[in-house]
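Read off the chains here:
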Amino acid sequence: LWELEASDPRNLTAENETVCFIRGRPKRGEPSEAFAVDLRTGKVKWQVSHFPWMNKVYRIVMHGDHVAFEVSSLNDHDAGNGIHVLSAETGKLSWEKDFAPGMNHARQARAMFSGENMWILHGGKENTETKEGTTRSVTQVSSLDPKTGKVLKTLPAGLAHCFPPVATPRYVFAGVLD
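Quick notes on the rules
Residues numbered from 1 in each chain as written. Predicted model: local features only at pLDDT ≥ 70, side-chain atom pairs only at ≥ 80, totals over all residues. Heavy atoms only, no water. Core = buried A, V, L, I, M, F, W, Y, C linked by side-chain atoms within 4.5 Å. Buried < 20%, exposed > 50% of the residue type's maximum accessible area, 1.4 Å probe, protein only. Helix = DSSP H or I, 4+ residues; strand = E, 2+ residues; numbered from the N terminus. Contact = heavy atoms within 4.5 Å. Pairing = 2+ DSSP bridges. Axes fitted to C-alpha atoms, helices over the stretch in contact; angles between N-to-C directions. Salt bridge = Lys/Arg side-chain N within 4 Å of Asp/Glu carboxyl O. Polar contact = N/O pair within 3.5 Å; in protein donor to acceptor, adjacent residues only side chain to side chain.

Colleague: Can you tell me about the nonpolar core, naming the residues and giving the values?
Modeller: Counting 17 residues, the largest nonpolar core has W46, W53, M54, V57 and F69 as the members making the most contacts within it. Looking at this core, the elements that each hand over two or more residues are β2 (18-23), β3 (33-38), β4 (44-48), β5 (57-63) and β6 (66-71). Residues within four places of V57 in sequence aside, it is in contact with N11, I22, F69, E70 and V71.

Colleague: Go over the sheet that holds β2, please, and point to the residues and values.
Modeller: If you trace the four strands from one edge of the open sheet to the other, you get β1-β2-β3-β4, paired in antiparallel fashion. Here the strands that pair on one side only, and so sit at the sheet edges, are β1 (10-15) and β4. Neighbour-to-neighbour, the strand axes of the sheet open up by a mean angle of 15 degrees, direction not taken into account. With six bridges joining them, β2 and β3 adopt antiparallel strand pairing. Residue pairing in the sheet places C20 in a bridge with A36 of β3.

Colleague: How would you sum up the pattern of salt bridges? Please name residues and give values.
Modeller: In total, this model carries seven salt bridges according to the counting rule given. For R23, the salt bridge is made with E33, and the minimal N-O distance between the two is 3.1 Å. Of the two residues, R23 is situated in strand β2 and E33 in strand β3; the sequence distance between them amounts to ten residues. Between R59 and E70 there is a salt bridge, with its nearest N and O atoms 2.8 Å apart. Here R59 is found in strand β5, whereas its partner E70 is found in strand β6, with eleven residues between them in sequence.

Colleague: Describe the side chain of S72, and please don't skip the residues or the numbers.
Modeller: Note on placement: S72 falls in the loop between β6 and β7 (82-87). Judged by relative accessible area, which is 9%, S72 ranks as buried. A polar contact is formed between the side chain of S72 and the backbone nitrogen of A109, at a distance of 2.9 Å. Sequence-distant contacts of S72, that is, excluding residues within four places in its chain, are made with K56, Y58, G80, N81, R107, Q108 and A109.

Colleague: So what about the pairing of β6? Which residues, and what values?
Modeller: With six of six residues buried, β6 is to be regarded as a mostly interior element. Neither face of β6 is exposed, since H66, A68 and E70 on one face and V67, F69 and V71 on the opposite face are all buried. Counted along the chain from β5 to the antiparallel partner β6, the turn is two residues long, and its residue G64 has a positive phi close to 60 degrees. Here β6 runs beside β7; their pairing, made up of six bridges, is antiparallel. Residue pairing across strands places E70 opposite I83, the latter belonging to β7.

This is the structure:
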C-alpha cells in the first residue's frame, strides 16, 4: 500500500493502472494541481498546475491513454464550458475544445466515452452574454477522436434542459428523463 498527502483532493478517477485527481485549495492561496499516480506503487507519473482552467475543473474522466478535464459553467450561459484532454502518461495537453453544452440550465461540458470515441452534447442557446445577442443552434451529439478532438460523426439530439447527457456502450441519452 501507499499514500500521498493531498489537501482537498477531488475529481478522483482511475484507468489502466493510473489514478488521476486534483488537489489544492485555491480559496486559501494553494494552487490546484492535477496528478497522475501509478496505482500499484503510488509513484507520481506527472503533476501539472500551470493550466489557467485548472481551478475551474468540475469533473475528470479517463479512458485509455486520455484524461479529459471538464470545465462547466453550471449556469445558463455558454461561455466558460469546455474539455481539456491530457495524455494519461505524460500530462501533456493533447487538445482542448470550448463549446456550448446542449442544455438550457446548469450547463455541463461532459466528455462521454463510448467504445473508442468521446461524445459531447452541444448546441442550444449560444452567445448568451446579452439577451438580445442570444441565438439558438441545433442541439447535437458529436463523436470526437480522443487523440485529436477531430469530429468523426454528428447526430441530432434532444435539448437536455438542465440534465447532463449520459452515454452507455450503445446509446447516448440527451433530454429530460422523467
